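Each chain, written out:
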Amino acid sequence: MLKVFTSSWGQLERDGSNVGDEAIFVSQVRELSTLGDVEVGVMSAVPEKTRSRYGAVPFDVSRGRLYAMKQGVKWADVVVVGGGELAQDRSSLLYTPFNLHPIRMAKRYGKPAFAWSVGIGQDNELARWTPAQLRKWLGYCRGVTVRDRPSYDTLIELGLDPGRVKPASDAAFSLAADFTGMYGTTDVLGVALRNVSNRKGNLLPLELRKKLKLYREPDRREERKKWARILDRHVAMKGGEVKFFPFHTGSLSNSDDEECIAVMSMMEHSRQASVVMPGELKTFLDAISRCRVFITVPLHGSILSVVTGTIPIAVPYASKGARFMKEAGLESMVVDPGDPRWDEKLRALLERTWETSRDVLNDMAETRNRLAEMNRVTLELFRETCT
């Protein structure tokens, strides 16, 4: 039996969930299971739930995440980091070192390592010392797949072996085969919001800053009012309903459900709005698939829209969002939140996209199939290098 420890998500929070990370983890478990006799291990705050829901071996984080990580690496035959954004230093200067730590441990215990469909932050998203760390530790990996071209170019420029670094797509695209319908004619507008005011390049992650009372929430009423006006205008003009999708809930970051509820409470047409809370992943994704258009701040709102056959409009807070939309051929569907007129541009783009949704979906279908096909590169490289 091949034992694979992944640093991905396996219920790391007792009080919440992260839909994007869960989609990645479910995809990894699914892909690895096709190799035959494989057991997947992962860190978890709720071990029994992780074992029963995903069939994975949980490593309890109650004694600390680093301790659970060490136990998982010692147990494993192969150590996997990713998928997701492996390196960025905006949310916390500890983010990248923590994500690379399983590779350090793998080398210490003589275990092979593999980076699974990762993303690399660009330009000012990386601290000046991060590129050298990426060169060192990803250079130890037997294989690395990346989910967008800028991430690939960054690693090649750092001197990594092109024979061991392959372009792929986000791990969640292994779920695309579960969704065959691309509707484009429903009257449901999906919205995924996020409060990203904490992304200032601080040393400590938000969870610790809150515990130490080092974080003060900024006044977000004006921005929330702009979102409410956009959604009210859409309902007044087009009818239908608005469904909010909180991708991250819990204490590890600002909770998306709080942001969604705050905006919904400001809407004049709030009776035509509701919140779809995370639960069973398939149920959540099914609800996304029934939206005509999906406006999203978090990256995996865009990714899972395309996966499920729904049109995304991205308002990305980091380069990873714009990078994916370009990879998907949807760069015209991006609104820069740093633009002083972002709300006006979003209103115009939403109206145009709503009316031409059928044509947009037809154009998107080929790219969706291409990204699903590219997803296979990761498992193929893992099989070649780690089994």
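Coordinates for the structure precede this section.
Residues numbered from 1 in each chain as written. Predicted model: local features only at pLDDT ≥ 70, side-chain atom pairs only at ≥ 80, totals over all residues. Heavy atoms only, no water.

Q: What is the right way to read the sheet that holds strand E7 (residues 143–146) from this model?
A: Note: strands within a sheet are paired through backbone hydrogen bonds, in either parallel or antiparallel orientation. The strand order across the open sheet formed by seven strands is E4-E3-E1-E5-E6-E7-E8, and the pairing between neighbours is parallel. Sheet topology places strand E4 (57–60) and strand E8 (165–167) at the edges, where each strand pairs with a single neighbour. Sheet twist, expressed as the mean angle between neighbouring strand axes with direction ignored, is 20°. Where strand E1 (residues 2–6) and strand E3 (residues 38–44) come together, five bridges link them in parallel fashion. Counted as the bridge partner of Leu2 is Val38 from E3. Sheet contacts for helix H5 (residues 130–140): strand E5 (78–87), strand E6 (113–120) and E7; angle to E6, the most-contacted strand, approximately 145°. (Pairing = 2+ DSSP bridges. Helix = DSSP H or I, 4+ residues; strand = E, 2+ residues; numbered from the N terminus. Axes fitted to C-alpha atoms, helices over the stretch in contact; angles between N-to-C directions. Contact = heavy atoms within 4.5 Å.)

Q: I tried to follow the packing of aromatic side chains on my own but got confused; where do I start?
A: Between two aromatic rings, the relevant description is the distance of the centres plus the angle of the planes. Scanning the entire structure with this criterion turns up 12 aromatic pairs. Here Phe114 and Phe382 contribute two aromatic rings whose centre-to-centre distance is 5.3 Å and whose plane-to-plane angle is 85°, an arrangement assigned as edge-to-face. Residue Phe114 is found in strand E6, and its partner Phe382 is found in helix H15 (residues 376–386); the two are separated by 268 residues along the sequence. As far as burial versus exposure is concerned, Phe114 and Phe382 are alike and both buried. Pairwise contacts between aromatic rings join Phe245, Phe247, Phe284 and Phe294 into one cluster. Here the guanidinium or amino end of Arg63 rests over the ring plane of Tyr67, the centre of that ring lying 4.1 Å away. (Phe/Tyr/Trp six-rings, centres within 6.5 Å; stacked < 30°, edge-to-face > 60°. Buried < 20%, exposed > 50% of the residue type's maximum accessible area, 1.4 Å probe, protein only. Lys NZ or Arg CZ within 6 Å of the ring centre and 35° of its normal.)

Q: For this particular structure, what's the right way to read H5?
A: The α-helix advances 3.6 residues per turn, and as a result positions three or four apart in sequence lie on the same side. Within H5 the residues assigned to the buried category are Thr130, Leu134, Trp137 and Leu138. Viewed along the axis of H5, the buried residues span an arc of 95°, placing them on a single side of the element. Contacts from the buried residues of H5 go to E5, helix H4 (95–108), E6, E7 and helix H6 (149–157). (Arc of directions from axis to C-beta.)

Q: Just checking my understanding: could you explain the pairing of strand E9 (residues 188–192) for this structure?
A: In the case of a regular strand, side chains alternate between the two sheet surfaces. By the criterion of burial, E9 is predominantly enclosed, with five of the five residues buried. Burial along E9 is two-sided: the face carrying Val188, Gly190 and Ala192 and the face carrying Leu189 and Val191 are both buried. Relative to strand E10 (residues 241–244), E9 runs parallel, the two sharing four bridges. Among the inter-strand pairings, Val191 is bridged to a residue of E10, identified as Phe244.

Q: I'm lost on the environment of Ser117 in this one. Help?
A: Note on placement: Ser117 falls in strand E6. Taking relative accessible area as the criterion, Ser117 reaches 0% and is therefore assigned buried. Taking the C-alpha atoms as reference points, Ser117 and Asp148, separated by 31 residues in sequence, lie 8.9 Å from one another. Dropping the residues within four chain positions of it, Ser117 is found in contact with Gly83, Gly84, Thr145, Val146, Arg147, Ser169, Asp170, Ala171 and Thr378.

Q: Explain the pattern of salt bridges here, please?
A: Oppositely charged side chains are able to pair whenever their charged atoms sit close together. Under the definition given, this model contains 20 salt bridges. Salt-bridge contacts for Lys238 lead to Glu355; the nearest nitrogen and oxygen are separated by 2.5 Å. On the criterion of sequence distance, the pair formed by Lys238 in helix H8 (residues 221–238) and Glu355 in helix H13 (residues 342–355) is long-range, its members being 117 residues apart. Linked through salt bridges whose partners overlap, the residues forming this network are Glu85, Arg147, Asp148, Asp170 and Arg323. (Salt bridge = Lys/Arg side-chain N within 4 Å of Asp/Glu carboxyl O.)

Q: Sorry, what's going on with the packing of helix H3 (residues 65–75) against H4 here?
A: Any two packed helices are characterised by how steeply their axes cross, that is the angle between the axes, and by the distance between the axes. In the contact formed by H3 and H4, the axes pass within 10 Å of each other and the chain directions differ by 40°. Here H3 runs over H4; the crossing is right-handed. Listed contacts from H4 to Arg65, Leu66, Met69, Lys70 and Val73 of H3 are Phe98, His101, Pro102, Met105 and Ala106. (Left-handed = near helix turned anticlockwise from the far one by under 90°.)

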